[in-house]
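# Understanding the architecture of this molecule
Read off the chains here:
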Amino acid sequence: MVDNQRMSIRELTPQQARVRHAEGAVLIDVREAHERAGGMAEGAIGIAKATLLAAPAQHLPSHTREIVLICQSGKRSADAAQALQAAGYSHLASVVGGTVAWRAARLPLVQPLLDAADRDFYDRYSRHLLLPQVGEAGQRRLQAATVLVVGAGGLGAPAAFYLAAAGLGRLRIVDDDVVERSNLQRQIIHADAALGTPKVASARERLLALNPHIQVEAVAERVSSANVDALLQGVDVVLDGSDNFPLRYLLNDACIQHAKPLVYAAIERFDGQVSVFDAGRQRGVAPCYRCLFPEPPPPEFAPNCSEAGVLGVLPGLAGVMQATEVLKLLLGIGEPLVGRLLRFDALQMHFRETRISPDPACPLCAPDRTFPGYIDYAAFCSHSA
């Protein structure tokens, strides 16, 4: 029966469809708005398939008028025709090959009327919009999101670049350092001309040059217990691009207090590690940074890049992974690195994953613990050492 029904849906070439439209048929493009932005068959009315099928009578009051459907390649229009047939419409046709075939036949295409902002949106994020896991709804969520990037250095530089390119609505970048020549080997957001300028100002200039439609808030301050609460206001995700243990513990504690996910990374020489700590929103289920490191290691076991050196591309790898995790969290897709520590050796290109469980006795994220307040993190790390 299904096969017989499919046979009853006429298939038209683009040329035949153009003739039928000229003779009075309704031509409907059932693609999504971002697909139609690239060009529509002349004379077509744009109504996304889901919208059309949700209320066909609203768009097609006559059940007997000839209706010709077109999509990108012909499948969606054929499926939509079947659904309309089941809804009682009797004079249906689908364009074989869809808009691809229409374009190949050199038939006229028109651009839908869009304002400049929508035109930029559909063009700029067209590859995101094609992904079912993102689509226009997901891209609009990214556009409405705010991410705090702590550090405009090795990790923050590549992460911020990709988040800006991805269309994050607001990036709040905080760093109190200035650009030095030794930074340029790995902190790709800065240029030689920016030497001596605040890193956040340099980062803001480069990010807006890449995507002028986002907002970049440059905060030239050192993150501390005094300002961390204000920095987290209105933030959806925190990206930790710091390079010292006191700041990592502070960010962990603040994210638990404010129930914000924390995307963490650390690098040294040729090795890196990345994870997501979301204990503030998932008490007793997701671990926090303190569950992994109850106390910081002695300084001799955790030298920073200025002491131990670092392969220039290594923070790029880790920062891009961090940006990936941020996007997954904001879109609600995939499996974020919650409860997992991903370690990689760039010299051998080996990756290893370690499971992290929440510590039921954790002084910060255990379900029955109230927030104890911020501490002297420098003293805590010094004492632990």
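Quick note: structure is the one above.
Values in this document were obtained by computation on a predicted structure and should not be read as measured data. (Residues numbered from 1 in each chain as written. Predicted model: local features only at pLDDT ≥ 70, side-chain atom pairs only at ≥ 80, totals over all residues. Heavy atoms only, no water.)

### Examining the overall build of the chain
Using the following cut-off: The helix count covers DSSP runs of H or I at least four residues long, the strand count covers runs of E at least two residues long, and both are numbered beginning at the N terminus. Radius of gyration here is computed from C-alpha atoms only, and the compact-globule reference equals 2.2 Å multiplied by the residue count raised to the power 0.38. Accessible area is worked out with a 1.4 Å probe on protein chains only. A residue is then buried under 20% of its type maximum, exposed over 50%, and partly exposed in between. When checking whether two residues touch, look at their non-hydrogen atoms; a contact exists if any pair is within 4.5 Å. All accessible-area figures derive from a Shrake-Rupley calculation using a 1.4 Å probe, and residue coverage is judged against the displayed protein chains alone. The sign given to each residue is positive for Lys and Arg and negative for Asp and Glu; His and the chain ends receive no count. Taken as the charge location is NZ of Lys, CZ of Arg, CG of Asp or CD of Glu.
In terms of helices and strands, the chain carries 18 helices and 15 strands. Whereas a compact globule of 385 residues would reach a radius of gyration of roughly 21 Å, the chain reaches 27 Å, over 25% beyond that. In terms of its C-alpha atoms, the chain occupies a principal-axis envelope of roughly 85 × 50 × 40 Å. Classification of the 385 residues of the chain by burial places 47% in the buried group. In the chain, 68% of the contacts between residues at least 6 apart in sequence involve partners at least 24 apart. A total of about 18000 Å² of accessible surface is found on the chain, and carbon and sulfur atoms cover 53% of it. Of note, the chain has its 37 positive side-chain charges centred 7 Å away from the centre of its 40 negative side-chain charges.

### Brief notes about the packing of aromatic side chains
Put simply, the test is: Stacked, tilted and edge-to-face are the three classes assigned to paired rings of Phe, Tyr and Trp, where Trp is represented by its six-membered ring and a pair needs centres within 6.5 Å; plane angles under 30 degrees give stacked, over 60 edge-to-face, the rest tilted. Either the NZ atom of lysine or the CZ atom of arginine qualifies as a charge over a ring when it sits within 6 Å of the ring centre and within 35 degrees of the ring normal.
Following the criterion strictly, the structure yields 10 aromatic pairs and no others. Residues Tyr249 and Tyr289 carry aromatic rings whose centres are separated by 5.1 Å and whose planes lie at 75 degrees to one another, so their mutual orientation is edge-to-face. Taken together, the residues Tyr249 in helix α14 (residues 245–258) and Tyr289 in helix α15 (residues 289–292) connect sequence positions 40 residues apart. The class for Tyr289 is buried, based on a relative accessible area of 1%. Taking 5.3 Å as the distance between ring centres and 55 degrees as the angle between the ring planes, the aromatic pair formed by Tyr289 and Phe293 counts as tilted. Members of the aromatic cluster, joined through ring pairs, are Tyr249, Tyr264, Phe277, Tyr289, Phe293 and Phe380. The ring of Phe121 carries Arg140 above its face, with NZ or CZ at 3.6 Å from the centroid. Just above the ring of Phe380 sits the side chain of Arg290; from NZ or CZ to the centre is 5.3 Å.

### Focus on the side chain of Lys328
For clarity, the cut-off: Within 3.5 Å is the distance limit for a polar contact, defined as a pair of N or O atoms, with the added protein rule that one can donate a hydrogen and the other accept it, and that residues adjacent in sequence qualify only through two side-chain atoms.
If you trace the backbone, Lys328 turns up in helix α17 (residues 314–331). By relative accessible area, Lys328 is classed as buried at 17%. A polar contact is formed between the side chain of Lys328 and the backbone oxygen of Glu335, at a distance of 3.0 Å. The contacts of Lys328, once residues within four sequence positions are left out, are Ile333, Glu335 and Pro336.

### Details of the state of the cysteines
Stated precisely, the cut-off is as follows: Sulfur atoms of two cysteines make up a disulfide when they are within 2.5 Å.
Counted by the stated rule, this structure contains zero disulfides. With no disulfide of its own, Cys288 has Cys362 as its nearest cysteine by sulfur position, at a separation of 3.6 Å.

### Notes on the sheet that holds strand β11 (residues 237–240)
Rule in force here: Only strands that DSSP links by at least two bridges are regarded as paired with each other. To obtain an axis, a line is fitted to C-alpha atoms, over the contacting stretch when the element is a helix, and the angle between two such axes runs from 0 to 180 degrees between their N-to-C directions.
Taken together, eight strands build an open sheet; the order of strands is β10-β9-β8-β11-β12-β13-β14-β15 and the sheet is mixed. Among the strands making up the open sheet, the edge pair consists of β10 (215–219) and β15 (350–355). Adjacent strand axes in the sheet meet at a mean angle of 15 degrees, parallel and antiparallel pairs treated alike. Bridge analysis of strand β12 (residues 262–268) against strand β13 (residues 271–277) gives seven bridges, and the strand direction is antiparallel. Bridging across to β13, Val263 finds its partner in Val276. Across the face of the sheet, helix α11 (residues 156–166) comes into contact with β8 (146–150), β9 (170–174) and β11 while running at roughly 165 degrees to β9. Sheet strands touched by helix α12 (residues 199–210): β9 and β10. Its angle to β10, the strand with the most contacts, is close to 170 degrees.

### Remarks on the packing of α11 against α12
Our working rule: Take the far helix as your reference; a near helix turned counterclockwise from it by less than a right angle gives a left-handed crossing, and one turned clockwise gives a right-handed crossing. We call Asp, Glu, Lys and Arg charged. Ala, Val, Leu, Ile, Met, Phe, Trp, Tyr, Cys and Pro are nonpolar, and the rest, Gly among them, are polar.
The interhelical angle for the contact between α11 and α12, taken along N-to-C directions, is 35 degrees, at an axis separation of 9 Å. In this structure, α11 meets α12 at a crossing whose hand is right-handed. From α11, Ala160, Phe161, Ala164 and Ala165 reach across to α12, where they touch Arg206, Leu207 and Leu210. Here the contact of α11 with α12 is built from residues that sort into six nonpolar, no polar and one charged.

### Looking at the side chain of Asn183
Structurally, Asn183 can be placed in the loop between β9 and α12. When its relative accessible area of 5% is taken as the criterion, Asn183 is described as buried.

### Brief notes about the nonpolar core
Stated precisely, the cut-off is as follows: We define a nonpolar core as any set of buried Ala, Val, Leu, Ile, Met, Phe, Trp, Tyr and Cys residues linked to one another through side-chain atoms lying within 4.5 Å.
Grouped together as the largest cluster of nonpolar side chains are 44 residues, with contacts concentrated most on Val147, Leu163, Leu168, Leu171, Ile173 and Leu207. Sort the elements by how many residues they give to this core and α17 lands first, with nine residues. Other than its neighbours up to four places away in sequence, Ile173 contacts Val149, Ala152, Ala160, Val200, Ala203, Leu207, Val216, Glu217, Ala218 and Val219. Val174, Leu232, Leu247 and Cys255 belong to the second-largest nonpolar core, a separate cluster that totals 28 residues.

### Some words on the layout of surface pockets
For the record, the criterion: Residues are said to line a cavity or pocket when one of their atoms sits within 4 Å of a point; the points come from a 1 Å grid over protein atoms alone, cavities being sets where a 1.4 Å probe fits but cannot get out and pockets being open sets with protein on both sides within 12 Å along at least five of seven lines. Grid points are joined across faces, edges and corners, and a volume is the space filled by probe spheres set on the points.
Roughly 250 Å³ of volume is contained in the second largest pocket. Of the residues belonging to the lining of the second largest pocket, the class tally is three nonpolar, five polar and five charged.

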